[in-house]
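# Coordinate analysis (summary)
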Amino acid sequence: MSVVSVAEARPDVGSQAMQETLARQREAFLKAGPPTLQERRADLRRLRRAIKNNAERIALEISGDFGNRSRYETLLADVWPTLAAIRHAIRHLPRWTAPKRVSVGLEFMPARARILYQPVGVVGIISPWNYPFQLAIMPLIAALAAGNRVMLKPSELTPRTAQFLAEFLGSLFPAEQVATVLGGPDVGAAFAGLAFDHLFYTGSTAVGRQVMRAAAENLTPVTLELGGKSPCILAEDAALPAAVDSIVSGKLLNAGQTCIAPDYVLVPRERREDFIKLAGEAVQKFYPMLAANPDYDSIVNERHYRRVVRYVAEAKERGVRVVEFNPAQEKLGADARKLAPTLVIEPGDELLVMREEIFGPVLPVKSYSRIEEAIEYVNRRPRPLALYYFGEDEKQRDEVLNKTLSGGVSVNDTLLHVLIEELPFGGIGASGIGAYHGEIGFQTFSHRKGVFLQSRFNGAKFLRPPFGRITALMLKLLMSR
Ligand code: NAD
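Residues numbered from 1 in each chain as written. Predicted model: local features only at pLDDT ≥ 70, side-chain atom pairs only at ≥ 80, totals over all residues. Heavy atoms only, no water.

## Brief notes about the packing of aromatic side chains
Counted by the stated rule, this structure contains 13 aromatic pairs. With 6.0 Å between their ring centres and 50 degrees between their planes, Tyr-117 and Phe-442 make a pair best called tilted. Remark: Phe-442 occurs in helix 14 (residues 438-444) and Tyr-117 occurs in strand 3 (residues 112-119); sequence separation between them is 325 residues. Of the residues examined, Tyr-117 reaches a relative accessible area of 11% and is grouped as buried. Ring plane angle 70 degrees and centroid distance 4.7 Å describe the contact between Phe-200 and Tyr-436, whose orientation is recorded as edge-to-face. Note that Phe-200 is positioned in strand 7 (residues 198-202) and Tyr-436 in the loop between strand 16 (432-433) and helix 14, a separation of 236 residues in sequence. (Phe/Tyr/Trp six-rings, centres within 6.5 Å; stacked < 30°, edge-to-face > 60°. Helix = DSSP H or I, 4+ residues; strand = E, 2+ residues; numbered from the N terminus. Buried < 20%, exposed > 50% of the residue type's maximum accessible area, 1.4 Å probe, protein only.)

Quick look at the structure:
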């Protein structure tokens, strides 16, 4: 079984076990060379079959970790995206892996040039707790498709899923190909310090900084999939009921514990009260009950629960209007860690709810008078992972798209851009570095090697010393173009 269990071990012993796993994987990589297209497809097919067979088990483990996590949500957001990504990769791998011929320009004809896509070797993946299966497996798919070996460190905050991942992957792949390392922040820090050929991290911006620092010691390239506050902009002409349905459901998926959840909403001042009323109706429609509803999720642990409760309490203390929706008026005990969907109306920017990524079912609503104000509000803050725009006028939509920078965008809906395999998924600035999914993911884990193929008859000798009249003539010709 490919588990390096260092949870209880002393950090140095743990580090040594990880070092040895890395050394064994690298040795195996050098010995076997890049896997063939057939081998990669076979690996992906095996993984797909196993995911299908274990879908219910995955839902069970994640729910065990959260306290309550909707089975439907797990199948929709943790399991299905991985199956779709594997399908897509299997289908397109021949094209992705094929050397790409590129033009050499007139000067170098009849030489040829091509780009080769090569596995980089051993890749490290550090994954978070909020979609503990999907966010471990999606980068694994891309890394395997690109022909690499992988060491995975899942989050300690979802221990049942982490243990499951270790056993699951251990039953599918030898430890020289895929190994799982279990442990918390100490193990994570030691893991990030390993001399991987690429390090892929998903999690908070604060830890992302530490990961990049650790990787810099080895000059290990990183992909950082981080978080932040993703805004929703409602335009004057937004179709309100549909927009509110999308925002509320996007916010309440996984009880708001989604990296691309709409974090706050910017609404035209005169539409604010309509928005609040429709949001209440949407909650009632989607979740007529909260406590007794298996599809309304818990906050993952006590610390995160208290964190979100504190945001709302602080807003109330400062006299900010807070609207809580509890359709069946149930008592939400702290034990179950379920929080009622809550709107915080016009909070000041100094409040925690506007400074921190919320990661819970709380939605600040801020109003604006002119669209330029909304654009400016977004642009004066760290660049978000996602931005949502609701409106019909295409000119204004394009203005918002052109003038704001965010990892990705969904227009007239929330979240869905993450499911389009051919779109790059990743952040910018504080929300991340690099991207993956589909072909972009394959390239993230590949080295793009530029290869120049000289032809037997060529003019290169004219560019070599001793320089003289012919070189001068050649230069004149080259520089005149
Ligand atoms: P986290 O940073 O606390 O933990 C993520 C992983 O990092 C865990 O496996 C943890 O053990 C490990 N870790 C902790 N300290 C470490 C260290 N010093 N060095 C190396 N690894 C370390 O993040 P989280 O709370 O698990 O996740 C929530 C955050 O992740 C949110 O900000 C969310 O927006 C972001 N997120 C981003 C994406 C994305 O795709 N961009 C997806 C999901 C979550």
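We are not done yet, so read on.
## Examining the sheet that holds strand 17 (residues 446-453)
Spatial strand order, 2-3-17: three strands in an open sheet with antiparallel pairing. On the outer flanks of this sheet lie strand 2 (100-102) and strand 17, each paired with one strand and no other. The sheet shows a mean angle of 30 degrees between the axes of neighbouring strands, taken without regard to direction. Examined bridge by bridge, strand 3 and strand 17 share eight bridges and lie antiparallel to one another. Bridging across to strand 17, Ile-115 finds its partner in Gly-450. (Pairing = 2+ DSSP bridges. Axes fitted to C-alpha atoms, helices over the stretch in contact; angles between N-to-C directions.)

## Quick word on the pairing of strand 4 (residues 122-126)
By the criterion of burial, strand 4 is predominantly enclosed, with five of the five residues buried. Side chains Val-122, Gly-124 and Ile-126 project from strand 4 onto one buried face, and the interleaved Val-123 and Ile-125 project onto a second face that is buried too. As judged from the five bridges shared by strand 4 and strand 5 (residues 149-153), these two strands associate in the parallel manner. Directly across from Val-123, in strand 5, lies its bridge partner Val-150. Tracing the backbone out of strand 4, into helix 4 (residues 134-145) and back to the parallel element strand 5 gives a crossover that is right-handed. As defined by bridge partners, strand 4 adjoins strand 7 across four bridges and the pair is classed as parallel. (Right-handed = clockwise from strand over helix to strand, strands pointing away.)

## What about the pattern of salt bridges?
Inspection of every chain in the model, using the stated rule, returns 25 salt bridges. Measuring nitrogen to oxygen at the nearest pair gives 2.9 Å for the salt bridge that ties Glu-61 to Arg-160. One end of the pair, Glu-61, is in helix 2 (residues 37-66); the other, Arg-160, is in helix 5 (residues 159-172), with 99 residues separating them in the sequence. Judged by its relative accessible area of 10%, Glu-61 is buried. Between Asp-78 and Arg-69 there is a salt bridge whose closest N-O contact spans 2.9 Å. Linked through salt bridges whose partners overlap, the residues forming this network are Arg-272, Glu-273, Arg-321 and Glu-346. (Salt bridge = Lys/Arg side-chain N within 4 Å of Asp/Glu carboxyl O.)

## What to know about the domain arrangement of the chain
What the domain assignment reports for the chain is domain 1 (15-226 + 433-448) and domain 2 (230-420). One C-alpha centre belongs to domain 1, the other to domain 2; they are set 31 Å apart. Each side of the interface is counted separately: domain 1 has 18 residues, and domain 2 has 24 residues. Summed over both sides, the interface of domain 1 with domain 2 buries roughly 1,600 Å², with 52% coming from carbon and sulfur. Contact with domain 2 buries area across many residues of domain 1, yet Asn-68, Glu-73 and Trp-129 alone supply 32% of it, more than any other trio. The interface formed by domain 1 and domain 2 contains zero salt bridges. Applying the counting rule to domain 1 against domain 2 returns 12 residue pairs in polar contact (both at pLDDT 80 or more). Elements with a contribution of two residues or more to the side of domain 1 that touches domain 2: helix 2 and helix 3 (71-97). (Domains from an automatic or database assignment. Contact = heavy atoms within 4.5 Å. Buried area = accessible area lost by both parts, 1.4 Å probe. Polar contact = N/O pair within 3.5 Å; in protein donor to acceptor, adjacent residues only side chain to side chain.)

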